[in-house]
Amino acid sequence: MKKRFLAVLLLGLLLITACSVEPETRTLTIMTHDSFSISEEVIAAFEEQYDVDVQFLKVGDAGSALNKAILSMDAPLADVFYGVDNTFLSRALDEGLFEPYDSPMLEDIPSQFQLDPENRAIPIDYGDVCLNIDLAYFQENNLEPPDSLDDLIDPAYSGLLVVENPATSSPGMAFLLTTIGHYGDSHYLEYWEGLLANDVLIVNDWETAYYTEFSRWGGTRPIVVSYGSSPPFEMIYAEEPMQEPVTAAVTADDTCFRQIEFAGILAGTENRDLAEAWIDFMLSPTFQADLPLQMFMFPVNPSAELDDTFVEFLAIPDQPAEVSPEDIVANREAWLEAWRSIILQ
Amino acid sequence: MNLSARSPRSRFRAGSLLLWAGPLLFLLLLYVFPLGSILKVGFSRAGEDAAAPLLQAWTSPITRRALWFTIWQAGLSTLLTLLLGLPGAYLFARFTFRGKRLLQALAGIPFVMPTLVVAAAFQSLLGPRGWVNLGLMNLMDVSAPPIQFSQTLGAILIAHVFYNTTIVLRTVGDFWARLDPDLTAAARSLGASAWQAATRITLPLLFPAILTAALLVFIFDFSSFGVILILGGPTFTTLEVEIFYQTTSLFNLPLAAALSVMQLVFNLALTILYTRLSNRISRPLSFRSKEITQRPLRGWGQRLAAGVAIIVIFSLLLTPLAALAVRSVTRLEPERGETRVDRGFTLDFYRALNDDARQSAFYGPPSEAIGTSLTYAAATVLLSLLLGLPAAWALAHDSDALLSRIFDPLIMLPMGTSAVTLGLGFIVALSGPPFHLSTSPLLIPFAHTLVAFPFTVRSLTPALRSIEPRLRQAAAMLGASPLKVIRYVDLPLIGRAMLVAATFAFTISLGEFGATAVIARPEYATIPIAIYRFLGQPGAMNYGQALALSTILMLVCGGGLLAIERLRIADIGEW
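Quick caveat, the model's predicted, so the values are computed rather than measured.

**Student:** Go over the overall build of chain B, please, and point to the residues and values.
**Tutor:** Regarding its fold elements, chain B presents 25 helices and two strands. Computed over C-alpha atoms, the radius of gyration of chain B comes to 25 Å, within 12% of the 25 Å expected from 2.2 N^0.38 for 575 residues, which places it in the range of a compact globule. When its C-alpha atoms are laid out on the principal axes, chain B stretches across 80 × 70 × 45 Å. Taking all 575 residues of chain B together, 52% fall into the buried category.

**Student:** Account for the nonpolar core, naming residues and giving values.
**Tutor:** In this structure, A:Val80, A:Phe81, A:Ile279, B:Ala159, B:Leu460, B:Ala501 and B:Leu549 are the most contacted members of the largest nonpolar core, which totals 266 residues. In terms of residues, this core owes the most to one element, helix α16 (residues 366-397) of chain B, which gives 18 residues. Two domains each donate at least three residues to this core, and these are domain 1 (24-126 + 259-313) and domain 2 (128-257 + 315-343) of chain A.

**Student:** Give me helix α7 (residues 153-178) of chain B: which residues, what numbers.
**Tutor:** Residue and element names in this part refer to chain B. Compared with an ideal rise of 1.5 Å per residue, which puts 26 residues at 38 Å, α7 spans 37 Å between its outermost C-alpha atoms and is within 8% of the ideal. In the structure, α7 departs most strongly from a straight axis at asparagine 164, where the bend amounts to approximately 40 degrees. Extensive coverage of α7 is indicated by the burial of 23 of its 26 residues.

**Student:** Break down the environment of B:Val241 for me, citing the residues and quoting the values.
**Tutor:** All names here are of chain B. Among the structural elements, valine 241 can be located in helix α11 (residues 239-249). C-alpha separation for the pair valine 241 and leucine 383, spaced 142 residues apart in sequence, amounts to 30 Å. With near-sequence residues (within four places) excluded, valine 241 lies in contact with Phe225, Ile228 and Leu229.

**Student:** Run through the packing of helix α7 (residues 188-197) of chain A against helix α13 (residues 325-343) of chain A, naming residues and quoting values.
**Tutor:** All names here are of chain A. At a minimum axis distance of 11 Å, the contact between α7 and α13 shows a crossing angle of 35 degrees. Seen along the crossing, α7 lies across α13 with a hand that is right-handed. In this structure, α7 uses Leu189, Trp192, Glu193 and Leu196 to contact α13, whose residues at the interface are Ala338, Trp339, Ile342 and Ile343.

**Student:** Just give me the short version of the confidence of the model for chain B, but keep the residues and values in it.
**Tutor:** Residue and element names in this part refer to chain B. On average, chain B scores 84 in pLDDT, and the residues at 70 or more come to 91%. Highest mean pLDDT in chain B belongs to helix α3 (residues 61-94) (93); lowest belongs to helix α23 (residues 514-519) (55). Every residue in residues 1-12 scores below 50 in pLDDT, and together they form nine contacts with partners more than four places removed in sequence or on other chains. Low pLDDT, under 50, characterises residues 569-575; the predicted model gives this stretch 19 contacts beyond four residues in sequence or across chains. Among the prediction metrics, the complex's ipTM stands at 0.87, with pTM recorded as 0.88.

**Student:** Tell me about the pairing of strand β6 (residues 161-164) of chain A, and please be specific about residues and values.
**Tutor:** The side chains of a regular strand alternate, first on one face of the sheet and then on the other. Residue and element names in this part refer to chain A. Side chains Leu161 and Val163 of β6 all project onto a buried face; the interleaved residues Val162 and Glu164 project onto the opposite face, where all are buried too. Examined bridge by bridge, β6 and strand β8 (residues 223-227) share two bridges and lie parallel to one another. Bridge pairing in β8 links valine 162 to valine 224. Taken together, the three bridges between β6 and strand β7 (residues 201-203) define a ladder with parallel strand orientation. Paired with valine 162 across the two strands is leucine 201, which belongs to β7.

**Student:** Tell me about the environment of B:Leu443, residues and numbers included.
**Tutor:** Within the secondary structure layout, B:Leu443 lies in helix α20 (residues 443-465). C-alpha separation for the pair B:Leu443 and B:Leu30, spaced 413 residues apart in sequence, amounts to 8.9 Å.

**Student:** Before we move on, could you go through the domain arrangement of chain A and cite the residues and values that matter?
**Tutor:** Residue and element names in this part refer to chain A. Here chain A is described as being made up of domain 1 (24-126 + 259-313) and domain 2 (128-257 + 315-343). Distance from the C-alpha centre of domain 1 to the C-alpha centre of domain 2: 27 Å. Listed by partner, the interface residues are 11 residues for domain 1 and 17 residues for domain 2. Only α4 (89-94) and α12 (308-313) provide two or more residues apiece to the side of domain 1 that touches domain 2. Looking at which element gives the most residues to the side of domain 1 that touches domain 2, the answer is α12, with three residues.

**Student:** Give a description of the environment of A:Val80 that names residues and reports values.
**Tutor:** Residue and element names in this part refer to chain A. Topologically, valine 80 is positioned in strand β3 (residues 80-85). As for valine 80 and glutamate 337, which are separated by 257 residues in sequence, their C-alpha atoms are 32 Å apart. Each residue touching valine 80, except ones within four places of it in the same chain, is listed here: Ile30, Ala263, Ile265, Leu266, Ala275, Trp278 and Ile279.

**Student:** Give me the lowdown on the pairing of strand β10 (residues 257-266) of chain A, citing residues and values where you can.
**Tutor:** Residues and elements named next belong to chain A. In terms of residue burial, β10 counts as a mostly covered element, since 10 of its 10 residues are buried. In terms of strand pairing, β3 meets β10 through five bridges, oriented antiparallel. Bridging from a neighbouring strand, phenylalanine 81 pairs with glycine 264 of β10. Bridge count for strand β4 (residues 98-99) against β10 is two bridges, and the pairing is antiparallel. Within the sheet, the bridge partner assigned to glutamate 99 lies in β10 and is isoleucine 265. The sheet contact formed by strand β5 (residues 122-134) and β10 spans seven bridges and is antiparallel. Bridging from a neighbouring strand, proline 123 pairs with phenylalanine 262 of β10.

**Student:** I'd like to hear about the packing of α20(B) against helix α22 (residues 482-511) of chain B, residue by residue, with values.
**Tutor:** All names here are of chain B. One can describe the packing of α20 onto α22 by two numbers: an axis separation of 8 Å at closest approach and a directional angle of 150 degrees. Regarding the angle of α20 to α22, the classification is roughly antiparallel. In this structure, α20 meets α22 at a crossing whose hand is right-handed. Between α20 and α22, the contacting residues are Pro445, His448, Val451, Ala452, Phe455, Thr456, Ser459, Leu460, Ala463 and Leu464 on the first element and Asp490, Leu493, Ile494, Ala497, Met498, Val500, Ala501, Phe504, Ala505, Ile508 and Ser509 on the second.

Cut-off values and rules
Residues numbered from 1 in each chain as written. Chains lettered and ligands numbered in written order. Predicted model: local features only at pLDDT ≥ 70, side-chain atom pairs only at ≥ 80, totals over all residues. Helix = DSSP H or I, 4+ residues; strand = E, 2+ residues; numbered from the N terminus. Rg over C-alpha atoms; globule rule 2.2 N^0.38 Å. Buried ≥ 20, exposed ≤ 12 C-beta atoms within 10 Å, placed from the backbone. Core = buried A, V, L, I, M, F, W, Y, C linked by C-beta atoms within 7 Å. Domains from an automatic or database assignment. Expected span 1.5 Å × (residues − 1). Bend = angle between axes of the 7 residues up to and from the residue. Contact = placed C-beta atoms within 7 Å. Axes fitted to C-alpha atoms, helices over the stretch in contact; angles between N-to-C directions. Left-handed = near helix turned anticlockwise from the far one by under 90°. pLDDT = per-residue confidence, 0-100. Pairing = 2+ DSSP bridges. Parallel < 35°, antiparallel > 145°, perpendicular 65-115°, else oblique.

Listed below in structure tokens is the structure:
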């Protein structure tokens, strides 16, 4: 018995070692965050075209992944990094993480997404962080859904909102930036005190906010900070096909924050040619059209075709709250610390 | 009294170095080097005054509050865990009853469950629309839920007890099971009351095991991250949460490094205290086999008491798990206009696990995740026993040697070190040549072993220490070679302890998420990682599949624990 046990263990170890043998074709390595996904078909097309084996390293959530890319700059683990958003962009650029690349594909990309004039960080996709509401709750209680930030401090909406902590969650940070964009540097804390007085619930992560506290999922709060894309996804991933949406995103002016995700060629790569090809590929309609169903984000390339459910049920805000990247760079830490000392005292 | 037995100490010293070689090399490569590297990076980013972040950490009111709360909640959690675990340990140690093995395996399952899932399970029981509150609201005829659970200190404490009771059951229960009941019987026959026998005989003899369990539980609670973050909410901050915030959100590496040092210093002080204390109170005992120490429950009184104890312990440990399992086979979507969430049985979520609806390049059927998880777990068991046995041996038989005195407290440190910091350390130290380890799948069982190793050493040392030296001397005198002494005297006596060690290594690896997340490659997703992937996306099918996978994780864990018991590496020639 004992011998067999040991044999099984040894076999296990051998298997692990066997898996790490490198193949002969050239390898392109993409470092990214945990939410990254891509269709089998789409990646196969790229691998075939360039006769390359694409490896992905998923190294934690967006913030942690970026930290790891920065800390491994001396001995880069990958050729391309994907998944730094506009709230973290300054950290990547200040550290000199990326090499510039003037991709010919950038011509097709609207300038509102191109935040780095030197083209070190290339915009790939975007998503809006918006309030989501549980439609059934508002119908049952004959209440108008909120359509501005001010509504949320109205006593009529007392005890209805759950948000994420900006110190630990990326949609939480986006919502904090929404309030800063709308009320400005000098008044956002007053607004948050109003939210507190109106019994806002703050949790540390999106999963808890959405699946535990949001009333659609067994909680008691019918308003949650989530993504503009969440309502169509509720439909796509429903247990049984749905004819009508059960949640909706609030897209009134100044109530959403637009996250733009970037990719970049890691400084010092030995596969610059392949890395360039990969960036071009990420901007191509093939990859861009694959984005929404895989990652819940939307293409920056307007020529990419969207799935029907999106076209019908996706609400895109006309005017998201604006905070300039320079402002985020300069004040991110101060805003967070001030928020923490007032709200979490 | 045991000094004479240890007289040939000088001969042991060279051997001691040999015994330490493996574990030391491992700790140097996977702990000291990565941690040192990341701390160096952190402090060097502070600019000219490298001491400034330390000063800042020490004087900031937020950090002080975090440190105080970390200690306080860990202490309270440990106390409660002991309170619930010790009666259970007694029951498992001294009695035989039907279903005991199963209960023991079940008690180990909470240990591997991902926090997000556990939080959801508790919420479905104790949340504002949970079963308990709905029941109470009906019963008391009130409209507001009477129990407030999430974001309370109570939630943190209950979750810690839920996770760690198994540590007490295993560590203390195993030791207790081998204690000679004749000792208490003798005391009783000489006129001691049951109370006197318990406090004067049993408790002092048990104390090393209780102390070990308390230390392990305390360190786990001390560096607790998920429970505080998810169940505690933003108003509770521990050092670990603060390190995470400073690192990920603010990229303030100097301050994060300073906080990690703070955590280290505290843990080190604690373990030094522990080793001093446990060296003083451990004594050789003659262990008895279970056939002698355990008896069936007799009479209604005993049966009733045992029944109550089992119900109390297991209602806390198992109801959340049961709630999870039930939800994984229940339709989740509420009907339009209905607030009731549960309606009807379904296996859709389990079916969906095998169906790659998104055609994602990272899709793998659940069988693959189970295979990956089990492979890592098996490798972790093997590695941590291989490294833990020699280290425990050196500690037990040569505890006065300089090496042992130095390394004894150091062994525990990896457990109490910030996973965020150490994860970055792996990247900084092990990425480049010559190791290229940070993206290798080998790093995963290595990282798991780092956490499991202190457990194996701590489970094995008390058992090894309490072997009567006379037994080994007698065997040697009768002509047994040193190897034969080990094979026929030591191994059988520590068999149970090896089983406990293997169990810990298995569960730690199966449930580990922090270190795995740091280094995981999508091709090698473990079950917990696959669960988090589903939970990160909106929609009933995603949530349902996360629940289904969590239930599978429970089954795999329970099955694995029962199988380890079956393998009986423990009972080699038990007598």
